[in-house]
2 protein chains.
Amino acid sequence: MSRIGIKDIAAKANVSTATVSYVLNGTRNVKQNTKERVLRVIEEMNYKPNDIAKSLKSQRTNTIGVIAEDVTVFNVPEIIDGINDFADRHDLHILLTNLRLDKRIGRKFDQVDSYRKYMANAVSDLLGKQVEGIIYVGVHPRDLTGLVDTSGKPIVYTYCYTQQDISIQYDDEQAAFEAMSYLISKGHRRIAIISGMMDSVPSRMRFNGFYKAVTQFELPFDPQLIKMGDWEAKSGYELTKELLALPEPPTAVLAMNDVMAVGVLRAASEAGVPIPQRLSVIGFDNREFSDYLTPRITTFDLPLHEMGYRAMDSLMRSIRGEEVEQKQSPACRLVERDSVAPPQQS
Amino acid sequence: MSRIGIKDIAAKANVSTATVSYVLNGTRNVKQNTKERVLRVIEEMNYKPNDIAKSLKSQRTNTIGVIAEDVTVFNVPEIIDGINDFADRHDLHILLTNLRLDKRIGRKFDQVDSYRKYMANAVSDLLGKQVEGIIYVGVHPRDLTGLVDTSGKPIVYTYCYTQQDISIQYDDEQAAFEAMSYLISKGHRRIAIISGMMDSVPSRMRFNGFYKAVTQFELPFDPQLIKMGDWEAKSGYELTKELLALPEPPTAVLAMNDVMAVGVLRAASEAGVPIPQRLSVIGFDNREFSDYLTPRITTFDLPLHEMGYRAMDSLMRSIRGEEVEQKQSPACRLVERDSVAPPQQS
DNA sequence: CTGTTAGCGCGTTCAT
DNA sequence: ATGAACGCGCTAACAG
């Protein structure tokens, strides 16, 4: 199946290749007569121009490289969807590199050396393919400064960030503050928090939001209500058992992700503590399952699609040489369900 | 800007471009001396060959087009991960097209005309980019015969199929049969099934597996135990209420997906029927949340990674002109958890 | 055996 | 409306 080229068309239509090119791209006026003839031949021969050759001359590939740390982690597909949404509207193509970090190194993000080479290879491949820019999609918000060298090509980070590039990451602190405000508006004063690990930036930022609410609303600050988890259900379970064993247990728990909220539910159920009547729970991430649990848990939805879309938008602006805001933080959105109620009068 | 080309290297190293090319590709012997000099200059100038130009000449892009019906649907990321796994090992690149069907048309897969144009565009774009083959990743197993024309380029379907191309789809019938065998081995004889909609091929195949077990193990066939759901939790909930209201309710329920199993759990809980003591439940898909529910539900894991990996393997064989099995059906795997127990003696 | 020259792949675009 | 140069790297043919 030797592909038919522009010169086959030119020959059959009795014109030069230049004319065919002009007809195809509307780059210049062509007599209606010949134009139609050319178009007809193109149709007949089912001709498709070769974008590779076109790119070589035009120096444009209309292709963006996307490096995803791991497409199987829950936040990534929605971000890619946002990227595609933008790409569709602007006739851009996506060259996807999946680092498969979760499969290859698990959660050991601190062991940078174990994946630095994957990143370098990915970038190198993408640059070789002449992508016009790169979007880096993390699986865990963290500082990646100095890890990736794109030799000058624009790059935008999302779900992570660096000190010197454009990055898009939702506002952790604001979301935690809003969660607290919501619980407080329902009448809660004794609110516990189950955080992620404190070596994680979002953990600390969400804790800041928590603490800001504590001071701003003048809640009693009780260190016993502050528990450090590890993002997994089991830690939510165990820390909730501790909380419920307190002489004066909290009336509400803010879990920093929905997975740990699962543990909260389990511990409460085992202890015979009904949710939300005696304990309110609020999660984070709006994972699909948060709607399947009993009770359905109130949580925060992440602006993942928007992050992908804005990453593309920012990248394209950057490619065009426009000024782009370095840090963008779209807001999370409260999803009210059944796991929060006013505290019981006692 | 990586404006530097092979001739810049050649100039600086005082050799011809041919020599540089030979050094880079090891296509011919080059004197150790000059080779080192060239390599040094390449290093110094941080030169990266332009794959676009290379592809134009070599007629090979090492790029595979992947068309995903919707990357945000649960089965797709794992399949893509399998595709990437293979691609990594064979130095292939992935040009990803996300049709976004779930967002654009929802579940109305029968309305082919509403998305035929998206498919055609996707294929056309990919062919223009000179991909060496295409993998089509569905979100719902169904027959796509006649929808996609790749003008001769190899294509492999996964999580769906056509009458004339290679396709990889797990074995629905076998899985349903195994689910039944498992329940029967636990002592169940009165087993209900909550199917998906019967206009769906996998529904019918799983039903075949169910029925095969009924006859093979000589179970009483009671049409009241056969319920048709619509894949959503609500239908699982309502149909289970009907089942529990039966004069002689089933001791086990086979739900054709985990989402409907959520409904089963809810209905049982409301009716005060403990699971698994008085009702065993088995799901399908091994969705993440199936491990977070109470009780954790027993289900079937789908070989998604393997499907992606094998799709790539088959595609590459096909590209090389080798004979490839047209239909491949990797097996699903039982995941034993807490929602199945022997039936209560009554 | 090592290195060079020149044409090619495929479409774009300038000068004629 | 056309011929021919061009983009960038590969490679056949040729020279030393």
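As the structure is a prediction and not an experimental result, all values here were calculated from the model.

Notes on the overall build of chain A
(1) Moving on: Counting its secondary structure elements, chain A contains 12 helices and 12 strands.
(2) Moving on: Its C-alpha atoms give chain A a radius of gyration of 27 Å, more than 25% over the compact-globule value 20 Å for 346 residues.
(3) Moving on: Expressed along its principal axes, the backbone C-alpha trace of chain A runs to roughly 95 × 40 × 40 Å.
(4) Moving on: Relative to its 346 residues, chain A shows a buried fraction of 53%.

Brief notes about the packing of aromatic side chains
(1) Moving on: Going through the model one piece at a time under the given rule, you end up with 18 aromatic pairs over all chains.
(2) Moving on: Seen in terms of ring centroids, Tyr 211 of chain B and Phe 221 of chain B are 5.5 Å apart; in terms of plane orientation they differ by 85°. Their pairing is edge-to-face. Of this pair, Tyr 211 of chain B sits in helix H9 (residues 201–216) while Phe 221 of chain B is found in the loop between H9 and strand E7 (226–228), placing the two residues 10 residues apart along the sequence.
(3) Moving on: Through successive ring pairs, a cluster of aromatic residues spans Tyr 159, Tyr 170, Phe 284 and Phe 300 of chain A.
(4) Moving on: The ring of Phe 284 of chain A carries the charged tip of Arg 206 of chain A above its face, separated from the ring centre by 3.9 Å.
(5) Moving on: Its end group placed over the ring of Phe 109 of chain B, Arg 142 of chain B keeps NZ or CZ at 4.4 Å from the ring centre.

Topic: the protein's contact with DNA strand C
(1) Moving on: Taken together, 28 residues lie near DNA strand C, and Ile 6, Ser 21 and Tyr 22 of chain A together with Arg 28 and Asn 29 of chain B sit nearest.
(2) Moving on: Counting only atoms of DNA strand C within 4 Å of the protein, the fraction found in sugar and phosphate groups is 56%.
(3) Moving on: Here a phosphate oxygen of DNA strand C and a side-chain polar atom of Thr 34 of chain B are 2.9 Å apart.
(4) Moving on: Of all the secondary structure elements, the ones that give two or more residues to the surface near DNA strand C are helix H2 (17–25) and helix H4 (51–58) of chain A together with helix H2 (17–25) and helix H4 (51–58) of chain B.
(5) Moving on: By residue number, the principal contributor to the surface near DNA strand C is H2 of chain A, which donates 4 residues.

What to know about the relation of the copies chain B and chain A
(1) Moving on: The two copies are related by a screw operation: chain B maps onto chain A through 180° of rotation and 0.1 Å of translation along the axis, at an RMSD of 0.1 Å. Overall, the copies show the geometry of a two-fold rotation axis. Of every C-alpha in chain B, the one belonging to Leu 95 of chain B sits nearest the axis of rotation, 2.3 Å from it.
(2) Moving on: With an isologous cut-off of 70% or more, the 98% of interface residues of chain B that recur at the interface of chain A puts this contact in the isologous class.

Observations regarding the interface of chain B and chain A
(1) Moving on: Of the residues lining the interface, 50 residues belong to chain B; the matching set on chain A comes to 50 residues.
(2) Moving on: Between chain B and chain A lies a buried interface of about 4,600 Å² when both sides are counted; carbon and sulfur atoms form 53% of it.
(3) Moving on: Area buried by chain B at its contact with chain A is led by Ile 52, Lys 129 and Tyr 292 of chain B, which between them contribute 15% of it.
(4) Moving on: Linking chain B with chain A are 12 salt bridges, by the criterion used here.
(5) Moving on: For the salt bridge of Arg 100 of chain A with Asp 85 of chain B, the shortest nitrogen-to-oxygen distance reads 3.5 Å.

Topic: H9 of chain B
Residues and elements named next belong to chain B.
(1) Moving on: Along its 16 residues, H9 runs 22 Å from first to last C-alpha, staying within 8% of the 22 Å computed at 1.5 Å per residue.
(2) Moving on: The inward-facing, buried residues of H9 abut helix H8 (172–185), strand E6 (191–195) and E7.
(3) Moving on: The N-capping residue of H9, defined by a side-chain oxygen 3.1 Å from the backbone nitrogen of Ser 203, is Ser 200.
(4) Moving on: A positive phi of about 55° marks Glu 218, the residue just after H9.

Quick look at the protein's contact with DNA strand D
(1) Moving on: Lining the immediate surroundings of DNA strand D are 29 residues, of which Thr 19, Arg 28 and Thr 34 of chain A together with Ile 6 and Ser 21 of chain B lie closest.
(2) Moving on: In DNA strand D, atoms within 4 Å of the protein come from the sugar-phosphate backbone in 61% of cases.
(3) Moving on: Within the side chain of Thr 34 of chain A, an N or O atom sits 2.8 Å from a phosphate oxygen of DNA strand D.
(4) Moving on: Separating a base oxygen of DNA strand D from a side-chain N or O atom of Lys 57 of chain A is a distance of 3.3 Å.

Conventions adopted
- Along each chain, numbering runs from 1 in the same order as the chain's sequence is written.
- Just so you know, chain letters begin at A and ligand numbers begin at 1, following the order they were written in.
- Only residues with pLDDT of at least 70 get local features here, since the model is predicted, and only at 80 or more are side-chain atom pairs given and counted; chain-wide, interface and lining totals rely on the full set of residues.
- Side-chain calculation: all heavy atoms of the structure are included, whereas hydrogens and water are not.
- Numbering goes from the N terminus for both helices and strands, where a helix is a DSSP run of H or I of at least four residues and a strand is a run of E of at least two.
- Between the two quantities, the radius of gyration covers C-alpha atoms and the globule rule is 2.2 Å times the number of residues to the power 0.38.
- Classification of residues uses two cut-offs on accessible area relative to the type maximum, computed with a 1.4 Å probe and protein chains only: under 20% is buried, over 50% is exposed, and between them is partly exposed.
- Between 30 and 60 degrees the pair is tilted, below 30 it is stacked and above 60 it is edge-to-face, where a pair is any two Phe, Tyr or Trp rings, Trp via its six-membered ring, whose centres lie within 6.5 Å.
- We call a charge positioned above a ring when the Lys NZ or Arg CZ atom is no farther than 6 Å from the ring centre and deviates by at most 35 degrees from the ring normal.
- Working definition: residue near molecule or strand if any one of its non-hydrogen atoms lies within 4 Å of it.
- We define a polar contact as two N or O atoms separated by no more than 3.5 Å, with the added condition that, inside protein, one atom must be a possible hydrogen donor and the other a possible acceptor, whereas residues neighbouring each other in sequence contribute only through side-chain atom pairs.
- Here the copies were fitted onto each other by least squares, based on C-alpha atoms from residues at pLDDT of at least 70 in both.
- We call two residues contacting when some pair of their heavy atoms lies within 4.5 Å.
- Once two parts are joined, some of their accessible surface, as seen by a 1.4 Å probe, is lost; buried area is that loss totalled over both.
- By definition, a salt bridge exists where a carboxyl oxygen of Asp or Glu is found within 4 Å of a side-chain nitrogen of Lys or Arg.
- Each helix should span, by expectation, one fewer than its residue count multiplied by 1.5 Å.

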